[in-house]
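Below, each chain spelled out in residue letters.
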Amino acid sequence: MRVAIQSPSELGLIIRAVRRQSNVRTDDLAATAGVSKQFTSDVERGKPTVQLGLVLKLLAELGIVFDLDVPDEAAPVLADLRLKMAGKLNKPRSKTRT
């Protein structure tokens, strides 16, 4: 099922629904995702200032795919940015002399 997310509260409701349907306790989800129980509770309540990287961990643990609908016009720019990022990731770091 695809669901459009318009707010942190909507995302939190989805996470809570999937967790409950899976019969997983909040503390167990937190432990397996490597986050705190408080963080998990904050996400489920729709706190708008949570860290995206940790939210992605919760989503992955619950088997929820985070999928963005990017305008087709942005595809060439995105491809270029990915190539540049890959080049930076593969470039060896220079050692500074002290």
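Calculation notes
Throughout, residues of each chain are indexed from 1 in the direction in which the sequence is written. Note on the predicted model: pLDDT of at least 70 is required for a residue's local features to be given, and 80 or more for side-chain atom pairs to be given and counted; whole-chain, interface and lining totals, by contrast, use all residues. With hydrogens and water excluded, all non-hydrogen atoms of the structure serve as input to the side-chain values. Helix and strand assignments follow DSSP, with helices taken as H or I runs no shorter than four residues and strands as E runs no shorter than two, numbered in order from the N terminus. What we call a nonpolar core is a set of buried Ala, Val, Leu, Ile, Met, Phe, Trp, Tyr and Cys residues that are connected through their side-chain atoms within 4.5 Å. Buried means the residue's accessible area, taken with a 1.4 Å probe over protein chains only, is under 20% of the maximum for its type, while exposed means over 50%, and partly exposed covers the values in between. In what follows, a contact means two residues having at least one pair of non-hydrogen atoms within 4.5 Å.

(A) Highlighting unusual backbone geometry. Positive phi outside glycine occurs at N23, with the angle close to 55°. With respect to the helices, strands and loops of the structure, N23 is situated in the loop between helix 1 (8–21) and helix 2 (26–33).

(B) Structural detail: the nonpolar core. Formed by L11, I15, L29, A30, A33, V35, F39, V43, V55, L58, L59 and L62, the largest nonpolar core amounts to 12 residues. Those elements giving two or more residues to this core turn out to be helix 1, helix 2, helix 3 (37–44) and helix 4 (52–62). It is helix 4 that provides the largest number of residues to this core, a total of four residues. In this structure, L29 is in contact with R19, V24, T40, L58, E61 and L62, ignoring residues within four places of it in sequence.

(C) Region of the structure containing the environment of P76. For P76, the position within the fold is in helix 5 (residues 75–90). Taking C-alpha positions, P76 is 37 Å from A17, a pair spaced 59 residues apart along the chain.

Geometric descriptors of this kind do not, in isolation, establish any biological role.
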